[in-house]
Amino acid sequence: MIIDQVLAASIALTTPILLAAMGGLVNRQGGIVNIALDAKMLAGAFVAVVVSSATGNWFAAILAAAFVGASVGLVFSLVITRAGANMIVAGLGLNVLVAGVLGFILNWFYDSSGTLRLQDVALLPHIFGDGVKDIPIVGLTLSRLDPLTIFAWLTVLCLPWALANTRAGLRVRATGNAPKVAHAMGISELRVQDGTTMFAGFFSGLAGAHLALASIGLFNEGLTAGRGFIALAAFYFGRDRPVTTALVCLLFGFLDATQIRMQTAGLPPKLIGTIPYLMVLVALCIAGWRNRRTKDQLA
Amino acid sequence: MSEVALPQRFRFAAWLERGFGLAFPFIVALVVASIILLAVGQNPVDTFTLMVQESFGSTRRISATLSAATPLLFTGVATAVCFRSGVFNVGVEGAFVIGGLCGAFIGFSLSASFGFSLIPLALLFAAICGALWLYIPGYLLARFDVDEVVSTLMLNFVALGITGYLVNGPLLSEISGNNVTPLVHEAAQLPRLLPPSTLHGGFLIGLVVLAAYGLWSTRTAYGFESALVGLNKRFSRAVGISIPRTIIAVMILSGIVAGIGGASHALGQLHRFADGFSPGYGFTGMAVALLGRNTAVGILLGAILFGALASAGTTVQLFSDIPLDIVNIIEGTVMIFAVVEIGRFALRRRRSK
């Protein structure tokens, strides 16, 4: 029983991190480190709740969330690629700005500080329904599977192929790895980077929609709880490789799901929460150490 | 005649350009805020007038502004120290929080018989802990070329996790309930300068730190060398400046300043450490440093500006129903546009012709 529940919770908690990480990964392969994933998730979550309540249609809600995420991504990208802003500071600034705008809207239009509860919010459907619940171990997970989770994992399967074999994928990688070569080949780096940042925004918007509409059906200012940064940690740890990154996301989702259980076992949740970040530090150190060793050997 | 006038005109143009550079992000932010205010049917001019009144209108309001500016003096300097060397330290927030906890820890855990020596002891301990905290990413960057943006960003979350655990566990105050440490001894509290406002001695410490930074950055060889590293790494290496050593040095300096800042906030403002100790002072400090272009005077103006926004925001919400979030909108826009290269549009257009 416990295994069922932990598995189901892990899969559900992985989805938003995974979506955002896939977006951020493509973005980083294209040469932009996206610190503002969190902002786009938050915007996506808010729009998802509003649209879901207004239309009663979950699909319209996630589309709107993805669209808003991509639009914010485009603005963010233009500031970086066309106006020459530093991507880190602009990203941190965007996080502050989006939180401010959403807080303002909540306060002004909904007369609420922090939480938005609306009527008739349509949640994401469960694809297989309760019929599969009796399958051992994976039954509970399957019965709660939502379209966005399936979409996220399909993306994980498709991305390695798309990055390696499609025209767009190769252009993205060329832009990130060898901007001069890309330029010489006649690829417009700026346009490619705008594209990848919109892609990251699109996926972060979906991630936000999943956070809001998977089970709780409301928006809260602290809804993302830094998950955009966890996603950043995931693709840094996974070295921008989709499958590795997805496994790291799964591990982070598992940590998130077991936090409460570990708490009862005497492990403080706040310290468990730092594990993803510490893992990235360790991974960066190992990578740096390795690079240095190969450099020393060459020299 | 023209030979004399020319350099002067040049200097005037340079000043104008620099002044515009300082004002530009803020002007954009005000425009953005105005658009939002107009969209909801409020008069932006009235709102901004009210904000100015609420931040500078009376001695009490001014001291509230300076009180809100105090932590930003520290985080602004701590950020600028690294930025001017091209070290992208975004971990001031974490070092500030660590410094706050360490300062408060000395303030309540040592015997009250230490008297007023508690204050320097607490500041010293916080400075050491802040320095050690940022030594980690500094060392990793200098030795293993570990991207400092990511490492310091991650360390911020680690700092929040560790301090959050400590104030909810081992260091939890037994009498006052949740998420706070015990109060520091009375002797360890920094004196209030203008009661009843919360302006405290930490503001003076901040001014001293700022002045020290100004002298260090413009009048000492080390300060010059570290700026050179930021301007041109290859040239610096060629003239014999050790880049790894400079990176570690500016990280440590940044940690010291952020640590002292955290401790003074704990000893002067809250008189303890609490969960949610910093509402993003480290990140606002980044905006301050960027807006002030890493100069001491610029940082002072930037800190007062953001302090004014913070202190006015609260009362404006009370008087005119305009949500406090307008402050975040302005701050975020300033951050984004502080790093936009203004000249670039014009330059590119000329080049394409």
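Owing to the predicted nature of the structure, the values given are computational and were not obtained by experimental measurement.

(A) The arrangement of the interface of chain B and chain A in detail. In this complex, chain B contributes 47 residues to the contact, which on the side of chain A involves 43 residues. The three residues of chain B that bury the most area against chain A are B:Met154, B:Phe157 and B:Ile336, which together make up 15% of that side's buried surface. Taken together, the connections running from chain B to chain A amount to 1 salt bridge. When the shortest N-O distance is used, the salt bridge between A:Lys270 and B:Asp275 registers 3.3 Å. Here chain B is connected to chain A by 4 residue pairs in polar contact (both at pLDDT 80 or more). Within the residue set of the side of chain B that touches chain A, elements represented by two or more residues are helix H1 (2–39), helix H5 (118–144), helix H6 (148–168), helix H11 (281–291), helix H13 (325–338) and helix H14 (344–352) of chain B.

(B) Main features of the packing of helix H3 (residues 58–81) of chain A against helix H9 (residues 189–213) of chain A. Residue and element names in this part refer to chain A. Look at H3 against H9: their axes get within 6 Å of each other, and the N-to-C directions meet at 145 degrees. Two packed elements cross with a definite hand, and for H3 against H9 that hand is right-handed. Contact residues: H3 offers Ala 61, Ile 62, Ala 65, Ala 66, Gly 69, Ala 70, Gly 73, Leu 74, Phe 76, Ser 77, Leu 78 and Thr 81, while H9 offers Leu 190, Gln 193, Asp 194, Thr 197, Met 198, Gly 201, Phe 202, Gly 205, Leu 206, Ala 209 and Leu 213. A per-class count over the contact of H3 with H9 returns 14 nonpolar, 8 polar and 1 charged.

(C) Quick peek at the confidence of the model for chain A. Across chain A, pLDDT averages 87, with 99% of residues at or above 70. Mean pLDDT values over the elements of chain A span from 78, in helix H5 (residues 139–143) of chain A, up to 93, in helix H2 (residues 37–55) of chain A.

(D) Quick look at the UniProt feature "transmembrane region" (unreviewed entry) in chain A. Residues and elements named next belong to chain A. Feature annotation in UniProt assigns "transmembrane region" (unreviewed entry) to the following positions: residues 6–25, 32–52, 58–80, 87–110, 148–164, 198–219 and 271–289. Counted over residues 6–25, helix gives 100% and strand 0%. Its end C-alpha atoms are 27 Å apart. Taken end to end, residues 58–80 is 100% helix and 0% strand, and its first and last C-alpha atoms sit 33 Å apart.

(E) Representation of a nonpolar patch on the surface in the model. A grouping of A:Ile3, A:Ile135, A:Ile137 and A:Val138 is seen on the molecular surface, where their side chains present a nonpolar patch of about 330 Å² in accessible area. Along the chain, A:Ile3 turns up in helix H1 (residues 2–29).

(F) Seen up close, the packing of helix H3 (residues 59–83) of chain B against H11(B). Residues and elements named next belong to chain B. Orientation of H3 relative to H11, taken along the N-to-C sense of each, is 65 degrees, at an axis distance of 7 Å. You can see that H3 and H11 cross each other, and the crossing is right-handed. Listed contacts from H11 to Pro 71, Leu 72, Thr 75, Gly 76, Thr 79, Ala 80 and Phe 83 of H3 are Tyr 281, Gly 282, Thr 284, Gly 285, Met 286, Val 288, Ala 289 and Leu 290. For the contact of H3 with H11, the residue count by class is 9 nonpolar, 6 polar and no charged.

(G) How the structure looks around H3(B). Residues and elements named next belong to chain B. Between its first and last C-alpha, H3 extends 34 Å over 25 residues, near the 36 Å set by a 1.5 Å rise per residue. The largest bend along H3 reaches roughly 35 degrees and is located at Ala 69, with the proline Pro 71 sitting one to four residues downstream. Of all 25 residues in H3, 20 are buried, a share of seventy percent or more.

(H) Molecular detail of the pattern of salt bridges. Residue and element names in this part refer to chain A. Under the criterion given, the structure shown has 5 salt bridges over all chains. The salt bridge partner of Asp 194 is Arg 82, with a shortest N-O separation of 2.6 Å. Highlighted residues: Asp 194 in helix H9 and Arg 82 in the loop between H3 and helix H4 (87–109), separated in sequence by 112 residues.

(I) Looking closely at the packing of aromatic side chains. All told, the structure shown has 19 aromatic pairs over all chains when counted by the stated rule. An angle of 80 degrees between the planes, with centres 5.3 Å apart, marks the rings of A:Phe46 and A:Phe219 as edge-to-face. Placement of A:Phe46 in helix H2 and of A:Phe219 in strand E2 (residues 219–220) is noted, with a sequence separation of 173 residues between them. On the basis of relative accessibility, which here comes to 8%, the residue A:Phe46 falls in the buried class. We classify A:Phe219 as buried; its relative accessible area is 0%. Note on A:Phe229 and B:Phe157: the rings are 5.2 Å apart at their centroids and 50 degrees apart in plane angle, and the pair reads as tilted. Here A:Phe229, found in helix H10 (residues 227–237), pairs with B:Phe157, found in helix H6, and the two come from separate chains.

What counts and what doesn't
- Residues numbered from 1 in each chain as written.
- Chains lettered and ligands numbered in written order.
- Predicted model: local features only at pLDDT ≥ 70, side-chain atom pairs only at ≥ 80, totals over all residues.
- Heavy atoms only, no water.
- Contact = heavy atoms within 4.5 Å.
- Buried area = accessible area lost by both parts, 1.4 Å probe.
- Salt bridge = Lys/Arg side-chain N within 4 Å of Asp/Glu carboxyl O.
- Polar contact = N/O pair within 3.5 Å; in protein donor to acceptor, adjacent residues only side chain to side chain.
- Helix = DSSP H or I, 4+ residues; strand = E, 2+ residues; numbered from the N terminus.
- Axes fitted to C-alpha atoms, helices over the stretch in contact; angles between N-to-C directions.
- Left-handed = near helix turned anticlockwise from the far one by under 90°.
- Nonpolar A, V, L, I, M, F, W, Y, C, P; charged D, E, K, R; others polar.
- pLDDT = per-residue confidence, 0-100.
- UniProt positions renumbered as here; feature names shortened; annotations may be inferred.
- Patch = residues over 30% accessible without salt bridge, like charges linked within 9 Å, V, L, I, M, F, W, Y side chains within 5 Å.
- Areas by Shrake-Rupley, 256 points an atom, 1.4 Å probe, with all protein chains shown as cover.
- Expected span 1.5 Å × (residues − 1).
- Bend = angle between axes of the 7 residues up to and from the residue.
- Buried < 20%, exposed > 50% of the residue type's maximum accessible area, 1.4 Å probe, protein only.
- Phe/Tyr/Trp six-rings, centres within 6.5 Å; stacked < 30°, edge-to-face > 60°.

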